[in-house]
Amino acid sequence: MSAVDVVTLGEALVSFRSSGPLASGEPLVPGVAGAESNVAIALARLGHEVEWVGRVGADPFGRLILRDLRAEGVRTDHVAVDTTAPSGLMFLEQRTADLVRVEYRRAGSSGSGLLPGDVLPALQGSARVLHVSGVTSALSDSAHAAVVAAVEAASAAGVLVSLDVNYRSRLWGRDDARSALARVVPHCDLVIASDDELDLVAPGDEESATAGLLAGRARAVAVKRGARGASLYSANGRLDRPAAQVTSIDTVGAGDAFCAGLLSAWLDGLAEPDWLDRAILLGAFAVSTRGDWQGLPHRGELGLIRDLSTGDALR
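Notes on the structure follow. Every value quoted in this text rests on a predicted model; they were computed, and no experiment measured them.

What counts and what doesn't
Residues numbered from 1 in each chain as written. Predicted model: local features only at pLDDT ≥ 70, side-chain atom pairs only at ≥ 80, totals over all residues. Heavy atoms only, no water. Helix = DSSP H or I, 4+ residues; strand = E, 2+ residues; numbered from the N terminus. Rg over C-alpha atoms; globule rule 2.2 N^0.38 Å. Buried < 20%, exposed > 50% of the residue type's maximum accessible area, 1.4 Å probe, protein only. Areas by Shrake-Rupley, 256 points an atom, 1.4 Å probe, with all protein chains shown as cover. Lys, Arg positive; Asp, Glu negative; His and termini not counted. Charge placed at Lys NZ, Arg CZ, Asp CG, Glu CD. Salt bridge = Lys/Arg side-chain N within 4 Å of Asp/Glu carboxyl O. Pairing = 2+ DSSP bridges. Axes fitted to C-alpha atoms, helices over the stretch in contact; angles between N-to-C directions. Contact = heavy atoms within 4.5 Å.

Attention shifts here to the overall build of the protein. Counting its secondary structure elements, the protein contains 10 helices and 14 strands. Against the compact-globule benchmark of 20 Å for 315 residues, the protein has a radius of gyration of 18 Å, which places it among compact chains. For the protein, the spread of C-alpha atoms along the three principal axes comes to 50 × 50 × 40 Å. Across the 315 residues in the protein, those meeting the buried criterion constitute 56%. Within the structure as shown, the protein displays about 13,200 Å² of accessible surface, and the carbon and sulfur contribution to it stands at 52%. The positive charge centre, built from 29 side chains, and the negative charge centre, built from 39, are 2 Å apart in the protein.

Dropping the structure here:
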């Protein structure tokens, strides 16, 4: 079996999307969602060997999750099938053209039961990257313990550790997030956060927070600004890039695509400016197509958005 480039862990859910208000009985379209599984699919489409680790229920939703991940080329060698807890669910309600509301059904889910013992065997190989997000730590004490155990083991083994802060106010408060992530950040080489999330992992304004992270273990800090682009801080200074000019129709999954772009560029040995360029490019694919990951590009399609400005995509 080939070596794994990236191991990621967390909870994958089945999401049900509506085209209008849920209370009106609008049809629901199912699909697989989850921050870390989105990143895994994005990387697999770009040709990287990726393994997702988590727990799914012994139910049709768990089978759907595994089917879609495997169909996208994501390895699931260490996924546990839990016969005692259901797979998590999420409902995305298109309440208005500009407002999407989220309802979770993940308390007591199989994914929230993640344990350190589920994760550590996947890190005993030759993975180059471990990617985690703050979402997993928010699920339960055991899931947080699994994240902490994973980043400790990976950093000790010289594996690059990537953290997407990915704060979700529906799952926990800012003080709880700050306290939990304080055990994760010291082991992270790459920290990714929106500009309103940086205070959860380092004190002070943006310049102070990024400087503090870089004074520790972090080699680079990426700051997402949505439609205003993104920045990358490292020992080489600060890089800024504008967002790609695309028509935004669905922002769900854009942050996960951004993370995958950064990691893909690092795995390819590209220079830091190219990390940011690929991250923004994948984010543009995500926001200009519907679904968490369905519109993300395969490697041969990376030039499609750039080609739109010249018309080459139409030839």
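Attention now moves to the pattern of salt bridges. Following the criterion strictly, the structure yields 26 salt bridges and no others. Among the salt bridges present, the one from Arg106 reaches Glu11, with a minimum N-O distance of 2.9 Å. In this pair, Arg106 sits in the loop between β8 (99–105) and α3 (116–119) while Glu11 sits in the loop between β1 (6–9) and β2 (13–18), placing the two residues 95 residues apart along the sequence. Overall, the relative accessible area of 8% leaves Arg106 in the buried class. A relative accessible area of 2% places Glu11 in the buried class. Between Arg170 and Glu103 there is a salt bridge, with the nearest N and O atoms lying 4.0 Å from each other. In this pair, Arg170 sits in the loop between β10 (160–164) and α6 (174–181) while Glu103 sits in strand β8, placing the two residues 67 residues apart along the sequence. Of the residues examined, Glu103 reaches a relative accessible area of 36% and is grouped as partly exposed. Look at the salt bridges and you will find they share partners, linking Arg174, Asp175, Arg178 and Asp199 into a network.

Further remarks concern unusual backbone geometry. Note on backbone geometry: most residues besides glycine have negative phi, and most peptide bonds are trans. Even without a glycine there, the phi angle at Asn166 is positive, about 50 degrees. If you trace the backbone, Asn166 turns up in the loop between β10 and α6. Relative accessible area serves as the criterion here: at 5%, Asn166 is assigned to the buried category.

The subject of this paragraph is the sheet that holds strand β7 (residues 89–96). Taken together, the four strands give an open sheet; going across it, the order is β3-β2-β7-β8, and neighbouring strands pair in mixed fashion. Looking at which strands have only one partner, the edges of the open sheet turn out to be β3 (28–33) and β8. Averaged over all pairs of adjacent strands, the angle between their axes in this sheet comes to 25 degrees, without regard to strand direction. The strands that helix α2 (residues 60–71) touches are β2, β3 and β7; relative to β2, the one it contacts most, it runs at about 95 degrees.

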